[in-house]
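In case you want the letters, here they are:
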Amino acid sequence: MFKTLLVIALLPVAYSWSCPEGSIETVDGAGCDCGTGFWYDGLSCVDINECQLYKPCQEGFCVNYVGTYDCICDDGFQYDGNTCLDIDECVEDFGICRGGQCFNLVGTYWCNCTMEGTTPCLQTCLPQEECDVYERMQEQLNDVTQVYNNDL
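First things first, this report covers the structure right here in the doc. (Residues numbered from 1 in each chain as written. Predicted model: local features only at pLDDT ≥ 70, side-chain atom pairs only at ≥ 80, totals over all residues. Heavy atoms only, no water.)

So, about the state of the cysteines. Per the stated rule, a full pass over the model turns up nine disulfides. A sulfur-sulfur distance of 2.0 Å marks the disulfide that ties Cys97 to Cys111. When the S-S torsion is -80°, as for the bridge of Cys97 with Cys111, the disulfide is left-handed. A residue pair is termed long-range when its members are at least 10 positions apart, and Cys97 in the loop between helix 3 (89-92) and strand 9 (100-105) and Cys111 in strand 10 (residues 108-113) qualify at 14 residues. The burial state of Cys97 is the same as that of Cys111; both residues are buried. Each sulfur in the disulfide pair Cys121 and Cys131 lies 2.4 Å from the other. Of the two residues, Cys121 is situated in strand 11 (residues 118-121) and Cys131 in helix 4 (residues 128-151); the sequence distance between them amounts to 10 residues. (Disulfide = S-S within 2.5 Å. Helix = DSSP H or I, 4+ residues; strand = E, 2+ residues; numbered from the N terminus. Buried < 20%, exposed > 50% of the residue type's maximum accessible area, 1.4 Å probe, protein only.)

A few words now on the packing of aromatic side chains. Under the counting rule described, the total for this entry stands at one aromatic pair. Ring plane angle 35° and centroid distance 5.5 Å describe the contact between Phe103 and Trp110, whose orientation is recorded as tilted. (Phe/Tyr/Trp six-rings, centres within 6.5 Å; stacked < 30°, edge-to-face > 60°.)

We now examine the pairing of strand 5 (residues 60-65). Across six bridges, strand 5 lies against strand 6 (residues 68-73) in antiparallel orientation. The residue bridging Val63 from the neighbouring strand is Asp70, located in strand 6. Turn length for the strand 5-strand 6 hairpin, with the two strands adjacent in sequence and antiparallel, is two residues, and the turn residue Gly67 shows positive phi of about 85°. (Pairing = 2+ DSSP bridges.)

What is shown is where atoms sit, not what they do.
As structure tokens, this is what we get:
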């Protein structure tokens, strides 16, 4: 068995061996360079699953494609071509806190409502009356959702 494997392994050397299509021979002639996203297994170019190997999308979901990958980032993060980076909402959306001070947090932000009569609500600063209306609407939505889920 070992002799058979040795003969098969040496066949490319004994006969005019060449790299698979789309790859080039390495400078030292010892293998093939298959390009980004692939590795040479001795016979062919094989896709590297970057998602499993490198885990590049710590703040999102990684999707492997042939020769590459893509990140579907969680809310509050954006893909920069390599990984998911935190979005500074305070810089990206100036005035997001409407009369308050914005503080960037990892994946989100927080509003310190400094304008008199406003309170943190819906991730911005709103008058208390508007927040009360929202909270009542949210309670009603939760009630309807619970009834719907119980009927399933």
